Number of protein chains: 2
Amino acid sequence: MSGTGTRRPRADARRNRERVLAAADQAFREQGTGASLEGIARQAGVAIGTLYGHFPNRGALSAALLRERHVALFEFGDELPGHGTALAALTAWMGAVSGHAAAYRGLATLLMQGFTDEASELHDACARMTATTERLLSAAREAGAVRDDVSTADVHALTNAAAWLREQVPPEQADHLTALLVRGLRTGDDGTR
Amino acid sequence: MSGTGTRRPRADARRNRERVLAAADQAFREQGTGASLEGIARQAGVAIGTLYGHFPNRGALSAALLRERHVALFEFGDELPGHGTALAALTAWMGAVSGHAAAYRGLATLLMQGFTDEASELHDACARMTATTERLLSAAREAGAVRDDVSTADVHALTNAAAWLREQVPPEQADHLTALLVRGLRTGDDGTR
DNA sequence: ACCTGAACACCGTTCAAGT
DNA sequence: ACCTGAACACCGTTCAAGT
């Protein structure tokens, strides 16, 4: 075992990988996560086989983007606890995730699959996301701000539904709908937890 | 003008049209509204050109299905007013529409586009749907059960979001999420209308 | 008036051949 | 170890030719 395991990749391979990621980021933003892989390879200046060599499928590409290029989203979630009320923090997190997912049309669907399907390439990213969701949800529940029958899976699902809505309607209506949606999570007039 | 205008179509044309619709209904249920049109034509036993002759695009196909084969949904909506509380009627309508849209994966997105885009082939179907939504929403609002800041467009959007959720999660969770979603529409603890 | 199916453009995915 | 691009299968859409 002299240097096997994770080796440093060849310089041109690393560069090609990076180019593909950059092209995918742009294409996913402009045309959604269903954008043509051939187009992405073309844009990146590599052959289609090179793209497949680095990323065996669309999920792997999306997962790599989240892990390597969208770190800010997760960092934002890590810094939220303690700032403002627990409900405000949870709401801010839902807004950040749904806004991010809406910027990549179709990502919300992938994030739903990744949450359930352990074999999904996006499962790790989802686990990291829902860990944050769980922390913020627990705090909000303990503060008595959110109903007891709302699970982490529920918040994850509603956050992605908010992302889906944001893809469909103008921003102002999306904000309003998200607010209504959060309203459904809050403890009610009858004091139900 | 002796017999021009809407003429009775040739018998074989009518039969082909019907066969395409039946095949599309099945394919859309099994594979979603993105199902292969070539596959639908094959299943219907007609050439691909025949399908295009009757339905110039996917939207026309979906619209025809709603108009000609899914009459029950609209009839259900017409019979709802007056049965039970206004909120229960609105909830039942949202449940029926979202359940229907979830059975045809992707239809929810088309129904959102059809609502806004007047040129959409689905615009008429959406108008008919939202007319019912408006009646039931007005009644619920007048009964003081639903907030004043909830528009017909909002209910339409949330209904389709519920359909999207139903495509993503198991039925029990979908029911729970739909309930939470409706909860956000109700008048609140502070008596806000 | 309607139907047929070839034709064109495009894409996802694999893999033998190269360097 | 990685890259290339041809090859295969499939699809959306159009349209000239048939009946």
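Residues numbered from 1 in each chain as written. Chains lettered and ligands numbered in written order. Predicted model: local features only at pLDDT ≥ 70, side-chain atom pairs only at ≥ 80, totals over all residues. Heavy atoms only, no water.

**Q** Mind showing me how you'd approach the protein's contact with DNA strand C here?
**A** In the region of DNA strand C, 20 residues are neighbours, and Y52 and R58 of chain A together with R10, N16 and T50 of chain B sit closest. Sugar and phosphate atoms represent 63% of those atoms of DNA strand C found within 4 Å of the protein. At 3.1 Å, a backbone N or O of E38 of chain A approaches a phosphate oxygen of DNA strand C. One nitrogen or oxygen atom from the main chain of G49 of chain B is found 3.4 Å from a base oxygen belonging to DNA strand C. Take the surface near DNA strand C: its biggest share by element is 4 residues, from helix α3 (residues 48–54) of chain B. Here the surface near DNA strand C is composed, by residue class, of 9 nonpolar, 6 polar and 5 charged. (Near = heavy atom within 4 Å. Polar contact = N/O pair within 3.5 Å; in protein donor to acceptor, adjacent residues only side chain to side chain. Helix = DSSP H or I, 4+ residues; strand = E, 2+ residues; numbered from the N terminus. Nonpolar A, V, L, I, M, F, W, Y, C, P; charged D, E, K, R; others polar.)

**Q** Before we go on, may I ask you to explain the packing of aromatic side chains in this structure?
**A** Ring pairs (aromatic) are described by centroid distance and by the angle formed between their planes. Going through the model one piece at a time under the given rule, you end up with 1 aromatic pair over all chains. Ring centres 6.4 Å apart and planes at 25 degrees place the aromatic pair W164 of chain A and W164 of chain B in the stacked group. Highlighted residues: W164 of chain A in helix α9 (residues 152–168) and W164 of chain B in helix α9 (residues 152–168), drawn from two different chains. W164 of chain B matches W164 of chain A in its accessibility class, with the two residues each being buried. (Phe/Tyr/Trp six-rings, centres within 6.5 Å; stacked < 30°, edge-to-face > 60°. Buried < 20%, exposed > 50% of the residue type's maximum accessible area, 1.4 Å probe, protein only.)

**Q** Would you mind showing me how to read the UniProt feature "DNA-binding region" (unreviewed entry) in chain A here?
**A** UniProt's entry tags residues 36–55 of chain A with the feature "DNA-binding region" (unreviewed entry), counted in the numbering of this structure. Taken as a whole, residues 36–55 of chain A contains 75% helix and 0% strand, while its terminal C-alpha atoms sit 14 Å from one another. (UniProt positions renumbered as here; feature names shortened; annotations may be inferred.)

**Q** Got a minute to help me understand the protein's contact with DNA strand D in this structure?
**A** Surveying the vicinity of DNA strand D reveals 20 residues, the closest of which are R10, N16 and T50 of chain A together with Y52 and R58 of chain B. Each atom of DNA strand D within 4 Å of the protein belongs either to a base or to sugar and phosphate, the latter forming 64%. The contact in question runs from a phosphate oxygen of DNA strand D to an N or O atom on the side chain of R42 of chain B, over 3.4 Å. Contact between DNA strand D and R58 of chain B: a phosphate oxygen at 2.8 Å from a side-chain N or O atom of the residue. Breaking the surface near DNA strand D down by element, the ones donating at least two residues are α1 (11–31) and α3 (48–54) of chain A together with α2 (37–44) and α3 of chain B.

**Q** Please clarify how the environment of S151 of chain B should be interpreted in this entry.
**A** All names here are of chain B. Mapped onto the secondary structure, S151 falls in the loop between α8 (123–142) and α9. For S151, a relative accessible area of 29% translates into the label partly exposed. Through-space distance from the C-alpha of S151 to that of A92 is 17 Å; in sequence the pair is 59 residues apart.

**Q** What is the right way to read the pattern of salt bridges from this model?
**A** Under the criterion given, the structure shown has 14 salt bridges over all chains. With a shortest N-O distance of 2.9 Å, D149 of chain A and R147 of chain A are connected by a salt bridge. Its relative accessible area of 34% is what places D149 of chain A among the partly exposed residues. Given a relative accessible area of 13%, R147 of chain A falls into the buried group. Residues E68 of chain B and R67 of chain B are paired through a salt bridge, measuring 3.5 Å at the closest nitrogen-oxygen approach. When its relative accessible area of 34% is taken as the criterion, E68 of chain B is described as partly exposed. (Salt bridge = Lys/Arg side-chain N within 4 Å of Asp/Glu carboxyl O.)

**Q** When you look at the packing of helix α5 (residues 71–79) of chain B against helix α6 (residues 86–103) of chain B in this model, what are you seeing that I'm missing?
**A** In a packed pair of helices, the relevant descriptors are the angle between the two axes and the axis-to-axis distance. Residue and element names in this part refer to chain B. At their nearest, the axes of α5 and α6 sit 10 Å apart, and the two run at 175 degrees to each other. Judged by the angle between their axes, α5 and α6 are roughly antiparallel. Judged by residue contacts, L73, F76 and G77 of α5 engage A92, W93, A96, V97 and H100 from α6. In terms of residue class, the contact of α5 with α6 is built from 6 nonpolar, 2 polar and no charged. (Axes fitted to C-alpha atoms, helices over the stretch in contact; angles between N-to-C directions. Parallel < 35°, antiparallel > 145°, perpendicular 65-115°, else oblique. Contact = heavy atoms within 4.5 Å.)

**Q** How should I be thinking about the relation of the copies chain B and chain A in this particular structure?
**A** Applying a rotation about an axis and a shift along it to one chain copy brings it onto the other copy. Rotating chain B by 180 degrees and moving it 0.0 Å along the rotation axis overlays it on chain A with an RMSD of 0.0 Å. Both copies are brought into coincidence by an operation consistent with a two-fold rotation axis. Taken together, the interface assignments show that 100% of the residues at the interface of chain B recur at the interface of chain A, consistent with an identical surface on both copies. (Least-squares fit on C-alpha atoms with pLDDT ≥ 70 in both.)

**Q** Where do I start with the layout of surface pockets in this structure?
**A** Space left empty within the atom packing is revealed by a probe, the size of a water molecule, rolled over the atoms. Put simply, the largest pocket is a space of about 740 Å³. What lines the largest pocket is a set of 29 residues, among which T109 of chain A together with G106, T109, W164 and E167 of chain B lie closest to the centre. For the lining of the largest pocket, the elements supplying multiple residues, two or more each, are α7 (107–116) and α9 of chain A together with α7 (107–116) and α9 of chain B. Here the element with the most residues in the lining of the largest pocket is α7 of chain A; it accounts for 6 residues. The class makeup of the residues in the lining of the largest pocket is 7 nonpolar, 16 polar and 6 charged. By volume, the second largest pocket is sized at about 160 Å³. Forming the walls of the second largest pocket are A63, L66, R67, V71, F74, E121, D124, A125 and R128 of chain A. Put simply, the parts of the chain that give the lining of the second largest pocket at least two residues each are α4 (58–69), α5 (71–79) and α8 (123–142) of chain A. (1 Å grid on protein atoms, 1.4 Å probe; cavity = no way out; pocket = protein on both sides within 12 Å on 5 of 7 lines; lining within 4 Å. Points joined across faces, edges and corners; volume = space filled by probe spheres on them.)

**Q** Please clarify how the UniProt feature "domain: HTH tetR-type" (unreviewed entry) in chain A should be interpreted in this entry.
**A** In the numbering used here, UniProt assigns the "domain: HTH tetR-type" (unreviewed entry) feature to residues 14–73 of chain A. With 80% helix and 0% strand, residues 14–73 of chain A has end C-alpha atoms that lie 24 Å from one another.

**Q** What should I look at first to understand the interface of chain B and chain A in this one?
**A** Where interface size is quoted, it is often the accessible area lost as the parts come together. Taken residue by residue, the interface counts 29 residues in chain B and 29 residues in chain A. Overall, the association of chain B and chain A removes approximately 2,400 Å² of surface from exposure, summing both partners, and the carbon and sulfur fraction of that is 59%. Taken together, the links from chain B to chain A amount to 0 salt bridges. Secondary-structure elements contributing two or more residues to the side of chain B that touches chain A are α7, α9 and α10 (171–183) of chain B. Here the side of chain B that touches chain A gets 9 residues from one element, more than from any other, and that element is α9 of chain B. Residues that form the side of chain B that touches chain A fall into these classes: 13 nonpolar, 9 polar and 7 charged. (Buried area = accessible area lost by both parts, 1.4 Å probe.)

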